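Listed below are the residues making up each chain.
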Amino acid sequence: MDVTDRAILRLLQVEGRLSNLELAERVRLTPSPCLRRVRNLEESGVITGYRAVVDPAAVGRGFQVVAYVELEGQDAETVTAFEAAVMEIDDVVECLRMFGRPDYVLRVAVPDMEAYSQLCLERLGRLPGLDKLTSQIAMKALKPGGVLPL
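Computed from a prediction, not measured in an experiment: that's the story for all the values here.

1. So, the overall build of the chain
Here is step 1: Within the chain one finds five helices and four strands.
Here is step 2: Shown N-terminal to C-terminal, the secondary structure of the chain runs as helices and strands in the order α-α-α-β-α-β-β-α-β.
Here is step 3: The globule rule puts the C-alpha radius of gyration for 150 residues at 15 Å, and the 20 Å found for the chain is more than 25% above it.
Here is step 4: Burial analysis of the chain (150 residues in total) assigns 28% to the buried set.
Here is step 5: Put simply, 61% of the contacts in the chain that link residues at least 6 apart link residues at least 24 apart.
Here is step 6: Surface summary for the chain: the accessible area is close to 10,400 Å², and the carbon and sulfur share equals 53%.
Here is step 7: With 18 positive and 22 negative side-chain charges, the chain shows a separation of 9 Å between the mean positions of the two kinds.

Structural data, given as structure tokens:
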């Protein structure tokens, strides 16, 4: 990966809908080599996808919660069952497996406190292998998502 590839990635992280022509102009390439570079970055797995950034409040998911999960055990069966169950919960928009405690950090997006309470009672509290669930409510998103420094 060279300086031009990194420039392409910096631009696409911020403006994923740039046309190839505009992208090529900004990185000082002609369109054909620029497109080849983008395709190479996609095929090699550096670029893993494109998506729209959606305002959670605008779609009724403005209540953001960070949940810390500790499991009863760390055996493969418990971990696999927990991870499979979390993947089935649409309200969990991000799940990170951690070293140390907590075992997992979940980011949850729901309409309001009542919805989160229901989610805890009906789904999160019943996750396989769950020992402890601690929640913190986000006051403000200062740097949502983020852009990787390249």
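Having seen it, we continue.
2. Some thoughts on the nonpolar core
Here is step 1: In this structure, Leu106, Val108, Tyr116 and Leu124 are the most contacted members of the largest nonpolar core, which totals 20 residues.
Here is step 2: Taken together, the elements giving at least two residues each to this core come down to strand 1 (63-71), helix 4 (76-87), strand 3 (104-110) and helix 5 (113-122).
Here is step 3: Per-element tally for this core: the top contributor is strand 1, with five residues.
Here is step 4: Not counting chain neighbours up to four residues away, the residues in contact with Val108 comprise Phe63, Gln64, Val65, Asp91, Val92, Tyr116 and Leu119.
Here is step 5: Membership of the second largest hydrophobic core comes to twelve residues, among which are Leu9, Leu12, Ala24 and Val27.

3. Comments concerning the pattern of salt bridges
Here is step 1: Tallied over the full model, the rule gives nine salt bridges.
Here is step 2: Of the charged contacts, one joins Asp2 and Arg37 as a salt bridge, the two residues approaching to 2.9 Å between their closest N and O atoms. Remark: Arg37 occurs in helix 3 (residues 31-43) and Asp2 occurs in the segment before helix 1 (3-14); sequence separation between them is 35 residues.
Here is step 3: Relative accessible area serves as the criterion here: at 23%, Arg37 is assigned to the partly exposed category.

4. Here's the deal with unusual backbone geometry
Here is step 1: Between Arg101 and the following residue, Pro102, the backbone shows a cis peptide bond with an omega angle of 0 degrees.
Here is step 2: Mapped onto the secondary structure, Pro102 falls in the loop between strand 2 (92-97) and strand 3.
Here is step 3: The phi angle at Arg28 is positive, at roughly 60 degrees, despite the residue not being glycine.
Here is step 4: Taking the relative accessible area as the measure of exposure, Arg28 reaches 77% and is therefore exposed.

5. Considerations on the sheet that holds strand 3
Here is step 1: Strand order in the open sheet made by the four strands is 2-3-1-4, with antiparallel pairing throughout. Each edge of the sheet is formed by a strand with only one pairing partner; in this case those strands are strand 2 and strand 4 (130-137). Here the strands of the sheet are splayed against their neighbours by 20 degrees on average, with no regard to which way each runs.
Here is step 2: In this structure, strand 1 lies alongside strand 4, joined through seven bridges in antiparallel fashion. Bridging across to strand 4, Val66 finds its partner in Gln136.

6. Concerning the environment of Val46
Here is step 1: With respect to the element layout, Val46 can be found in the loop between helix 3 and strand 1.
Here is step 2: Given the relative accessible area of 40%, Val46 is considered partly exposed.
Here is step 3: For the pair Val46 and Ala141, spaced 95 residues apart in sequence, the C-alpha to C-alpha distance is 27 Å.
Here is step 4: In this structure Val46 touches Met1, Leu9 and Leu41, once residues within four positions along its chain are discounted.

What counts and how
- Residues numbered from 1 in each chain as written.
- Predicted model: local features only at pLDDT ≥ 70, side-chain atom pairs only at ≥ 80, totals over all residues.
- Heavy atoms only, no water.
- Helix = DSSP H or I, 4+ residues; strand = E, 2+ residues; numbered from the N terminus.
- Rg over C-alpha atoms; globule rule 2.2 N^0.38 Å.
- Buried < 20%, exposed > 50% of the residue type's maximum accessible area, 1.4 Å probe, protein only.
- Contact = heavy atoms within 4.5 Å.
- Areas by Shrake-Rupley, 256 points an atom, 1.4 Å probe, with all protein chains shown as cover.
- Lys, Arg positive; Asp, Glu negative; His and termini not counted.
- Charge placed at Lys NZ, Arg CZ, Asp CG, Glu CD.
- Core = buried A, V, L, I, M, F, W, Y, C linked by side-chain atoms within 4.5 Å.
- Salt bridge = Lys/Arg side-chain N within 4 Å of Asp/Glu carboxyl O.
- Pairing = 2+ DSSP bridges.
- Axes fitted to C-alpha atoms, helices over the stretch in contact; angles between N-to-C directions.

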